[in-house]
Amino acid sequence: MSGFLKRFFFALMKKKRPELPANETVGELWNADFSKPNRTRFAIKSETSYDAYLYRQSLALGLKKTNCLAWVDAPEYRYRDQLIKARFRLDSLGAYAAAGVLFRMSDEGTYYLILISSKSYFRLDAVRNNMPFPLIGWTEVPARPPEAAGEGGTNSGTVADVVAELTVIAFGSHLILLINGIWAAEVNDPSIASGCLGFALASYEAGEPGAAYTAQAFLESLSVESRISQVQETYNYWKEQAPIPEESRFRLAETFAAMAEPGPALVQLKKVWEKRPPGAEGRRSQRELLLAARLALRLGLYVEAEEYIGACLAQGRESPEGKAAITEKAKILSGAEKFSELRDYAGQAISIREDDPVLHTLLGHACWNLREYEKAAAAYDRAFALDGENGLLAKNAANVYEVLGRRDEALKRYLAAGRAFLGRDNYQDLGILVPKLLSLGADDWEARALAGKWAYSIEDWDMAEAEFLKAEEQRKARRPRPPQDPALSFLRGQLLIREGKRREAFPFLEEAVRLAPDFGLFRFKLAENRFLFSGDPADPRLLKDLEAALELMPGDGWVHNFAAQVELANGEQKKAAEHLEKAVASLGEVPAIRVNRALLYYLQGSLDEALRILEADKTDDPQGLLANNAGNLLVRAGKYEGADEYYRRALAASPDNIEYLANRASNLIKLGYYGQADELLAQAHSRAPSPEILEQISYVALKKGEFVRAESASLAALDMDGNYTPSLLSLGWLYCSTGRWDEARNIILRLEALKPGGEAAGGLEELRRKLEAGTSRLIGCASCGRNWRVPRDLPPSPPVRLYAMPPDDFPAGICPSCGGAWCIGCAKKNLDEDGRFLCPNCGKPLKLLDEGLKKIVSGWAASNIAGIPSPVSGEPPASGEAEASQGR
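To start, this report covers the structure provided alongside it. Keep in mind that this is a model prediction, so the values were computed, not measured.

Here we come to helix H9 (residues 357–369). Its 13 residues give H9 an end-to-end C-alpha distance of 18 Å, which sits within 8% of 18 Å, the value for a rise of 1.5 Å per residue. Within H9, the full set of buried residues consists of Pro-357, Leu-359, His-360, Thr-361, Leu-362, Leu-363, Gly-364, Ala-366 and Cys-367. The elements touched by buried residues of H9 are helix H7 (320–335), helix H8 (339–352), helix H10 (373–386) and helix H11 (391–403). Positive backbone phi, at 60°, marks Arg-371, one or two positions downstream of H9.

Put into structure tokens, the structure is as follows:
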């Protein structure tokens, strides 16, 4: 009986909890139990990017890759107003990671997320439809009291970077955060009303090499109080009564200021002051007053800002804050448009801080608005001299000189501004400058070059090419001729590469390297172009440039990734693995590196592991790069059907990607689906015509028997690149297949002039043999096997009468009875009474019946005898054919 009751009791315990209606929230006090999976409300399951499991009375999360956020949620219950208390440990494994809590999670793309990092900073985000909106940026975690700094045991038994006790008070739209029992932040946000809970872990950098995880976190305890009265009571306490450290509020104010939220920042600063006692003890510090002045200035509260800055300066000008306040006052006067006062104040302030470019700039603004243009120009020039990387200062000076009618001086400063913008990759301001450059500097090569570089940055390739060409023409025309710009040569080469003209790009890339041999990017891209053009990983020039790039850019992940690619092509798998390890350390597991890692595993014989590395969802592979390369590996393995599925995925992610279209078309050709391949190639050609695409179109057309279209496609490819070897080979085969031998010979001559290597050299040799087989025949001696190659379809030639014996290796004739051919060396052993050659098999006289053999003999006669009798002179044999005799 007792056994039955026990089973009945546990059956009741295992019954599924009743499901709540959608969007209904609960009021309860819940303490999470992590002793057994069936006692926790969390949906504990592992995925490809993380593992989730229970470990020593804790909920554990382990991330398997970097740049990743994962969580485990408790979807069964939803809360609105709530008091969350969580204790967790974070182990970043020597890298950079963060852990925390999700709350009010209405779906997988909408929730609040608070994280505490391994660097002891915290942040709060509202995520709506998978788009994060920072409510509180990274802010330093409040320091623990000295007596509590060493507290805290752990259930997990692990070494951790951070042990955090996090409290979240969510009451309506009000959110208050406590960390380790200390007030850390407050914010108001009504965007997410309710939802479930989750435990989250994020990894930002790679951890210890060879570790199973990039980061780990352990949720050791969690409780939720969602009864409204208790939540409101706690909220009221922390809102009105609790002691809040001034330093915490000031840090929050600084964070809001850095987030360009001056209103909330100033509110926090004023709350600091409100709690202070009157008198000297409650005096506002220079640090606080300077921040308040800056916040009031951003809010346009100029009177308030002047009051704050005045109080700050009254405490002294020698401290760092006092010196900064001198400049800040000038900014406030400028914002308030008090230009006369600003001019006088800035002049005085400069005498104290002469090396401050901001003061000179503001003096320039004051003089400009007061129409004192000469003084404004001088002030802007001085500001730019002090801060040469700020192109706006040079642009301001240029504007003034243009108003003064001094165009040459204006252009000089516009050029300086353009160089400064370019140096900081500030293409937006450079673009604003371009019309001025082209207006004042239409004949200036540097103005054209800057315009071209800007056009290149916004991918206006036609404008970039045109401006680069004009810049080079104008540079060469100037006397004395200015030195070349290596960046200009490099970008011209990149434009040609983009058009598929890698061969034509070499002179420009090599010129860039010659002009700037110590600039690693130029060496890297030249090496890359050599590899992608020739496919020869052993090219000594490629290896020299790659070695230089690695020396000049030792920490660059992209260079190491390319080096791994070259080593893989050379069969150096160990060296490739070393480069890939360095690439991962620099860039993380980006798709390009995963592609080469997968190739390494494939070459080591593990296709399954390679495909596992490349397996990704749309989030990890938004452009389809990994899927495309998985298809490439399956093609190499001869698994074309499987490859097509991956190519479909890649095209689903990037339907207009030319490489993906061409790859799938090539695979469909291998499967024999020429119609589908033709459609894909037509799409690719319409988007980005190239010799490579046209050549594939030609191949498909040839397979479909459309010879005219095949020829047109190959000719179009050669119009784009007259030396494109695959199209020359295709045309040669097409001409041979259709009996157009003279055109085939011309193609062979063009190919021979290019001196191709690798597979192309083999293709040329095959084409020669095809032409030879199509335009000539092989006739062999029936005895010794000696061969003569003779042209096909020769017209009838006149009889030949010989008066001397050709060499033994020449043909003696063909037997009209058995059809055997014989050389003179073999036939002279069998002569009749008149000295004529007889067939050793039949005994019949041999005759030169074949026009090809006649041509061989007559050719020898023409070169060795003074003349050959005319057909009408002498008496031909009765048969009308030349006979073979020893005394011919």
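Our focus in this paragraph is the pairing of strand S7 (residues 110–117). Burial runs high along S7: 8 of the 8 residues are buried. Residues Thr-110, Tyr-112, Ile-114 and Ile-116 of S7 are buried on one face, and the alternating residues Tyr-111, Leu-113, Leu-115 and Ser-117, pointing to the opposite face, are buried as well. Of the strand pairs in this sheet, strand S6 (residues 97–107) and S7 are connected by 7 bridges, and their pairing is antiparallel. Bridge pairing links Ala-98 to Ser-117 in S7. Here S7 pairs with strand S8 (residues 121–128) via 6 bridges, running antiparallel. Residue pairing across strands places Leu-113 opposite Asp-125, the latter belonging to S8.

Counted by the stated rule, this structure contains 63 salt bridges. The salt bridge partner of Glu-186 is Lys-239, with a shortest N-O separation of 3.7 Å. Note that Glu-186 is positioned in strand S12 (residues 182–188) and Lys-239 in helix H2 (residues 228–241), a separation of 53 residues in sequence. A salt bridge links Asp-644 to Arg-648; its shortest N-O distance comes to 3.2 Å. Of the two residues, Asp-644 and Arg-648 both sit in helix H25 (residues 640–653), 4 residues apart, roughly one turn of that helix. Look at Asp-644 and you get buried, because its relative accessible area is 9%. Judged by its relative accessible area of 44%, Arg-648 is partly exposed. Put simply, Arg-87, Arg-89, Glu-165 and Glu-220 are held in one network by salt bridges that share partners.

About the criteria used
Residues numbered from 1 in each chain as written. Predicted model: local features only at pLDDT ≥ 70, side-chain atom pairs only at ≥ 80, totals over all residues. Heavy atoms only, no water. Helix = DSSP H or I, 4+ residues; strand = E, 2+ residues; numbered from the N terminus. Expected span 1.5 Å × (residues − 1). Buried < 20%, exposed > 50% of the residue type's maximum accessible area, 1.4 Å probe, protein only. Contact = heavy atoms within 4.5 Å. Pairing = 2+ DSSP bridges. Salt bridge = Lys/Arg side-chain N within 4 Å of Asp/Glu carboxyl O.

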